[in-house]
Amino acid sequence: MPNLETLNLQKVNIADGFFLALKTSASEARLESIKHSGGLDISAAASEAYAKSICTMPNLKTLELENVNIADGFFLALKTSASEARLESIKHSGGLDISAAASEAYAKSICTMPNLKTLELENVNIADGFFLALKTSASEARLELIKHSGGPDISTAASEAYAKSICTMPNLKTLELEEVNIADGFFLALKTSASEARLELIKHSGGPDISAAASEAYAKSICTMPNLKTLELGEVNIADGFFLALKTSASEARLKSIKHSGRLDISAAASEAYAKSICTMPNLKTLELEEVNIADGFFLALKTSASDARLELIRHSGGLDISAAASEAYAKSICTMPNLKTLELQKVNIADGFFLALKTSASEARLKLIRHYGRLDISAAASEAYAKSICTMPNLKTLELEEVNIADGFFLALKTSASEARLESIRHCGGPSISAAALQAYAQKIICTMPSLRTLEINDVGITDDFYLTLAELASRTRLELIRHSGGLDISAAASEAYAKSICTMPNLKTLQLQKVNIADGFFLALQTSASEARLESIEHSRGLDISAAASEAYAKSICTMPNLKTLELEEVKINDGFFLALKTSASEARLESIRHCGGPSISAAALQAYVQKIICTMPNLRTLEINDVGITDDFYLTLAELASRTRLESIKHSRGLDISAAASEAYAKSICTMPNLKTLELKEVTIDDGFFLALKTSASEARLELIKHSGGLDISAAASEAYAKSICTMPNLKTLELKEVNIADGFFLALKTSASEARVS
């Protein structure tokens, strides 16, 4: 097979003859990837033939073996031909035990393959001989990544050999160990050769406990490796000696990132040493701590050395409760670090002292982003201090609060300092309900007073009507460019009306995103009266309550009146037919360039006619139309065919929806070919009648399409498939054709052959 690039064998009970025959023809194969999983035991002779085949295939880059019961002969034969193999990646998981001799041969093969960059071993029962042999040939290996998980215990001698191999491989950049039962000798040997290693990333998770001596050696190795940039430790049972040793060598480390998740409790002395190490590492930019049980000494020590730290990001989640003194020290450390730009706290049980201390040092902080997710209740005094800190930080641009139990004092305090804040974006999700007074402060002084605030995202926040009523009075003072609003309490008629007026009065608001927001009809009625003042460029509206006929009509008129509105997205919005009928009367005034319409109730015949006649064909700037799961009837396509030459559409994306009849399918095809500017057509799981393809053939030479993406759908008949192929070859500008899971008949390919010389597809 001249074009076969991938062979995937899954639980296929192939006789040995397959592999014996494969050997004789392997040099002619064009395969680039073999994935083989399960199946019967393969005999010694067949296993040997399989290995020789793999090495003889001139284009084979990837080999994946999963629970394949290969005989040892496979590995012994692999050794003799490995230098001819073109493999770049081997992924091997499970299978029978591999003997000592075969394990040794396997290691030598891996080191002899001239192009092998990646080796993945998962629960492979390799004998210790593999690691001992690896040591002798490691300097010849071209491996860049070793990913090793599970498997039997590795002896002390083999563990030592493994470590030396890793350090000797000249191109090895990444080492991933997951639940590998390495003896302490691995870490002790690693220490002696670490300066020769070329590793840039170590990911180590699980495995047996590491002794004090081995833990100490591990830390020294990490600091000695000249290229190691990233260290990830997950549930690794390191002794405290690791952290104590890290402290002594930290200044030599080249690490840029440490990600540490899970571990038994770290003692006070070790926690203190860990903090000092972090501050001493000259290149460390990122620290991630997840469910690490650090003692309070970590934070107290961090405070004393924070000014030396080069950290730019701290991501801290979970762990033990932090005492008042340690919380205070943590806050001061954060403000003292000269390069710290990002702080992420997730479910970290900090005492209120953190926020109180933050306030006193906030003006020194260099933070640009605070992400705070979840926490126990923050007291009134601490909430107030938190707010003042946020406004005092001179570089803070982004604040994200999710499920944080802040007291109302936070918003009331923000009110007094909002004009000093440098915030550009607030994302506020969940949390307790906010009182009327706090909400008034939120709208009046925070949103409308912050001089740099450009983005406001409110998700499932218990905002009452006072917020919207206050916002309406001061909206002209805001600098907001984007509002993203999802969920929350139902909004009353008066508040909905006030909200609409606010949106239209905001002088810089370009994007409005509403998701699951239960707005009253008054919102849309008020929107109509002020729409001409709005500066909106994009409306994204998804879900929410049903919109009445009068409100739907007002919504449509608003959309057409907004002078800058370019994009409209409606997803599962329950709009009345009046929306489309009203759009018909005002479509020529609209500035819309893109409509994305997904789901929602079925649309009547009259509304559909209006949709096509006046919306799609009359809007002077409309270039993109995307319709997904919309119940469009045949009238839509029949009307479109009559007016297609008037559209300015450049792209149509159409997925799912009702079945399209023969007459409508034919009309649809003619429309596509008649549209003078249509360059892109995407059809996904659209159930079109064969008439579409037959009609396409007759008009294809007029089409201006440059790209067709077609995926899914019903079977296409022989005649229609033939017509489809001829259409593709006749379209004068078609450059790209993508067909995915389209059930085309053979006639497509036979017809393609006869007309291929005319096709412009590249």
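This text goes with the structure placed above it.
Computed from a predicted model, the values in this text were never measured in an experiment. Residue numbering note: each chain is counted from 1, following its sequence as written. For this predicted model, a pLDDT threshold of at least 70 governs which residues receive local features, and a threshold of 80 or more governs which side-chain atom pairs are given and counted, while totals over whole chains, interfaces and linings are taken from all residues. Note that water and hydrogens are dropped before the side-chain values are worked out from all heavy atoms of the structure.

**Student:** Before we go on, may I ask you to explain the pairing of strand β2 (residues 33-37) in this structure?
**Tutor:** Working note: regular strand, side chains alternate between the two faces of the sheet. Exposure categories follow from relative accessible area, calculated using a 1.4 Å probe and restricted to protein chains: below 20% of the type maximum is buried, above 50% is exposed, and the middle band is partly exposed. Segments assigned H or I by DSSP are reported as helices when at least four residues long, segments assigned E as strands when at least two residues long, and all are numbered from the N terminus. The buried fraction of β2 is high, at 4 of 5 residues. The sheet contact formed by strand β1 (residues 6-10) and β2 spans 5 bridges and is parallel. From the neighbouring strand, T6 faces β2, where its bridge partner is S33. Assignment of crossover handedness uses the view with strands pointing away from the viewer, where a clockwise path from the first strand over the helix to the second indicates a right-handed crossover. In this region the chain leaves β1, passes through helix α1 (residues 16-25) and returns to the parallel neighbour β2; the handedness of that crossover is right-handed. One bridge is not enough; two strands pair if DSSP finds at least two bridges between them. Bridge count between β2 and strand β3 (residues 62-66): 5 bridges; the pairing is parallel. Each residue of the ladder has a partner; that of H36, found in β3, is L65. As a crossover connection, the stretch from β2 through helix α2 (residues 44-56) into β3 is right-handed.

**Student:** I keep staring at the side chain of T342 and nothing clicks. Help me out?
**Tutor:** With respect to the helices, strands and loops of the structure, T342 is situated in strand β13 (residues 342-346). In what follows, residue pairs with any heavy atoms lying within 4.5 Å of each other are defined as contacts. Ignoring sequence-local partners within four residues, the contact set of T342 consists of E312, L313, I314, L367 and L369.

**Student:** Looking at this structure, how should I read the pattern of salt bridges?
**Tutor:** In a structure, side chains of opposite charge can pair up when their charged atoms sit close to one another. The term salt bridge refers to a side-chain nitrogen of Lys or Arg lying within 4 Å of a carboxyl oxygen of Asp or Glu. Tallying each qualifying case throughout the model produces 27 salt bridges. We note a salt bridge from K332 to E328, for which the minimum N-O separation is 3.5 Å. Residue K332 and its partner E328 are located together in helix α12 (residues 324-336), separated by 4 residues, close to a single helical turn. The partly exposed category is assigned to K332, whose relative accessible area is 25%. On the accessibility criterion, E328 (36% relative accessible area) is partly exposed.

**Student:** Would you take a moment to explain a positive patch on the surface for this structure?
**Tutor:** Only residues whose relative accessible area exceeds 30% and that form no salt bridge are eligible for patches; like-charged ones are grouped when within 9 Å, while nonpolar side chains (Val, Leu, Ile, Met, Phe, Trp, Tyr) are grouped when within 5 Å. In this description, accessible areas are obtained by the Shrake-Rupley approach with a 1.4 Å probe, and a residue is regarded as covered only by the protein chains that are shown. For the charge count, each Lys or Arg is scored as positive and each Asp or Glu as negative, with His and the chain ends excluded. For the purpose of locating charges, the reference atoms are NZ of Lys, CZ of Arg, CG of Asp and CD of Glu. A surface patch of positive charge is lined by K35, K91, K147, K203 and K259. Checked against the element boundaries, K203 lands in strand β8 (residues 201-205).

**Student:** Can you walk me through unusual backbone geometry in this structure?
**Tutor:** Peptide bonds are trans in most cases, and residues, glycine excluded, mostly fall at negative phi. Look at K11: it is not a glycine, yet its phi comes out positive at around 50°. Considering the arrangement of structural elements, one finds K11 in the loop between β1 and α1. The phi torsion at K347 lies on the positive side, around 55°, for a residue other than glycine. Within the secondary structure, K347 sits in the loop between β13 and α13 (353-361). By relative accessible area, K347 is classed as exposed at 60%.

**Student:** Is there a simple way to think about the packing of helix α8 (residues 212-224) against helix α9 (residues 241-249) in this case?
**Tutor:** Two quantities define a packed helix pair, namely the angle between the helix axes and the distance between the axes. Where α8 contacts α9, the two axes come as close as 7 Å, and the packing angle between them is 35°. For the pair α8 and α9, the sense of crossing is right-handed. Residues S215, E216, Y218, A219, K220, I222 and C223 of α8 lie in contact with α9, whose contacting residues are G241, F242, A245, L246, T248 and S249. Of the residues contributing to the contact of α8 with α9, the split by class is 7 nonpolar, 4 polar and 2 charged. Between N-to-C directions, angles span 0 to 180 degrees; the directions come from axes that are lines fitted to C-alpha atoms, helices contributing only their stretch in contact. By convention the crossing between two helices is left-handed if the near helix lies anticlockwise of the far one by an angle smaller than a right angle, and right-handed if it lies clockwise. Basically, the charged four are Asp, Glu, Lys and Arg, the nonpolar ten are Ala, Val, Leu, Ile, Met, Phe, Trp, Tyr, Cys and Pro, and anything else, Gly included, counts as polar.

**Student:** I would appreciate a short explanation of helix α14 (residues 380-392) in the present structure.
**Tutor:** Think of an α-helix as turning once every 3.6 residues; residues three or four places apart then point the same way. Multiplying 1.5 Å by the helix residue count minus one yields the expected span of that helix. Here α14 contains 13 residues, and its C-alpha end-to-end distance of 19 Å stays within 8% of the 18 Å for a straight helix at 1.5 Å per residue. Taken residue by residue, α14 has A382, S383, A385, Y386, A387, S389, I390 and C391 as its buried positions. Of the surrounding secondary structure, the elements contacted by the buried residues of α14 are α13, β14 (369-375), β15 (398-404) and α15 (409-417).

**Student:** Sorry if this is basic, but what is going on with a negative patch on the surface here?
**Tutor:** Judged by side-chain charge, E66, E122, E178, E179, E235, E290 and E291 come together as a negatively charged surface patch. Classification of E290 as partly exposed rests on a relative accessible area of 39%.

**Student:** I would appreciate a short explanation of the packing of aromatic side chains in the present structure.
**Tutor:** Where two aromatic rings form a pair, the distance of their centres and the angle of their planes describe that pair. Side-chain rings of Phe, Tyr and Trp (the six-membered ring for Trp) are treated as a pair once their centres are within 6.5 Å; stacked means planes under 30 degrees apart, edge-to-face means over 60, and tilted covers the remaining angles. Under the definition given, this model contains 40 aromatic pairs. Judged by centre distance (5.7 Å) and plane angle (65°), the ring pair of Y386 and F410 falls under edge-to-face. With a gap of 24 residues between them, Y386 in helix α14 and F410 in helix α15 connect regions that are remote in the sequence. The class for Y386 is buried, based on a relative accessible area of 3%. Relative accessible area serves as the criterion here: at 2%, F410 is assigned to the buried category.

**Student:** What am I meant to see in helix α3 (residues 73-81) here?
**Tutor:** All of the buried residues along α3 are G73, F74, F75, A77, L78 and S81. Contacts from the buried residues of α3 go to α2, β3, β4 (89-93) and α4 (100-112).

**Student:** Whenever I open this one, the pairing of strand β22 (residues 594-598) confuses me. Can you help?
**Tutor:** Extensive coverage of β22 is indicated by the burial of 4 of its 5 residues. The sheet contact formed by strand β21 (residues 567-571) and β22 spans 5 bridges and is parallel. Looking at the pairing, L568 lines up with I595 of β22. Since β21 and β22 lie parallel, the crossover through helix α21 (residues 578-586) that links them has a hand, and here it is right-handed. As paired elements, β22 and strand β23 (residues 624-628) share 5 bridges and run parallel to each other. By the bridge assignment, R596 is partnered in β23 with E626. The parallel pair β22 and β23, bridged by helix α22 (residues 605-616), forms a crossover whose chirality is right-handed.

**Student:** How should I be thinking about the side chain of S361 in this particular structure?
**Tutor:** Take S361: it is sitting in helix α13. What makes S361 buried here is its relative accessible area of 9%. Those residues in contact with S361 that sit more than four places away from it in its chain are K332 and C335.

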